[in-house]
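# Breakdown of the fold
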Amino acid sequence: MKIYFIFSVKEEIYELYKDYPKALYNIFLEIYEMNKRDLEYGYSLFKQVAKSINKTNIDNKICNDLKDKLRYSKNNDEHIINNLYNKEVSLMKIKTTHITINTIHDYTEFFELLNKYEPFLFACNFKNDDYFFLSRVKTLV
């Protein structure tokens with residue numbers, strides 16, 4: 001199972017790091033690995049590179065786009081894609097600071113949808129040292 005943390009980076013940060021995503025990944029990795037006692041510093045660092053996500057807006061857009069699809073369901077705050085044809089099982093939770101996606105694949109349909117709604121999204125898989133801008137992901141279709 002892969003866990004992607006997706007952050008909405010500020011436009012000026014995107015422009016600065018679009019050709020150097022490893023450097024941006026290292027900033028998010030540092031925040032991810034911080035101790036609780038460094039929370040204030042971590043939050044300050046986070047606010048310098050990322051902006052808040054409009055949780056309600058994205059929740060509604062995902063629901064509206066997928067509500068009639070058999071492969072989609074929603075349970076409380078969890079959006080679920082269970083596409084047997086593509087053998088995709090993905091679970092997404094949206095928070096105001098980040099979006100978390102658990103999936104069994106390198107690609108999930110959620111990437112394409114999120115990229116459509118929000119510019120400058122940066123995905124990090126800290127366990128596998130993987131990172132990318134969603135705008136640069138090639139879709140399966």
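Structure: see above.
Residues numbered from 1 in each chain as written. Predicted model: local features only at pLDDT ≥ 70, side-chain atom pairs only at ≥ 80, totals over all residues. Heavy atoms only, no water.

## Some thoughts on the layout of surface pockets
Over the atoms, a rolling probe the size of a water molecule traces out where space has been left empty. Put simply, the rule reads: Buriedness of a pocket was judged along seven lines, with at least five required to meet protein on both sides within 12 Å; pockets are open sets of points on a 1 Å grid over the protein atoms alone, cavities are sets where a 1.4 Å probe fits but cannot get out, and lining residues have an atom within 4 Å of a point. Grid points are joined across faces, edges and corners, and a volume is the space filled by probe spheres set on the points. The helix and strand labels rest on DSSP assignments: H or I over at least four residues marks a helix, E over at least two residues marks a strand, and numbering proceeds from the N terminus. Under this grouping Gly is polar, as are all residues other than the nonpolar Ala, Val, Leu, Ile, Met, Phe, Trp, Tyr, Cys and Pro and the charged Asp, Glu, Lys and Arg.
Approximately 370 Å³ is the volume attributed to the largest pocket. As for the largest pocket, its lining consists of 15 residues, of which Phe 7, Ile 31, Tyr 32, Phe 46 and His 98 are closest to the centre. For the lining of the largest pocket, the secondary-structure elements that each account for two or more residues are strand S1 (2-9), helix H2 (21-32) and helix H3 (39-49). At four residues, the largest contribution of residues to the lining of the largest pocket is made by H3. For the lining of the largest pocket, a count of residues per class yields 10 nonpolar, four polar and one charged.

## Here's the deal with the side chain of Asn 125
So the rule is basically this: For every residue, the accessible area (1.4 Å probe, protein chains only) is compared with the maximum for its type, and the residue is labelled buried under 20%, exposed over 50%, or partly exposed between those bounds. Contact criterion: two residues are considered in contact whenever any of their non-hydrogen atoms come within 4.5 Å of each other.
With respect to the element layout, Asn 125 can be found in strand S7 (residues 121-125). Classification of Asn 125 by relative accessible area gives buried; the value is 2%. Among all residues touching Asn 125, those that are not within four sequence positions of it are Lys 2, Ile 3, Tyr 4, Tyr 25 and Asp 130.

## Some thoughts on the pairing of strand S3 (residues 72-75)
Selection rule: Only strands joined by at least two bridges in the DSSP assignment are considered to pair.
Relative to strand S4 (residues 78-83), S3 is paired through four bridges, and the arrangement is antiparallel. The partner of Lys 74 across the bridge, within S4, is His 79. Adjacent in sequence and paired antiparallel, S3 and S4 are bridged by two residues, among which Asn 76 carries a positive phi angle near 55°.

Treat this as a map of the structure, not an account of what it does.
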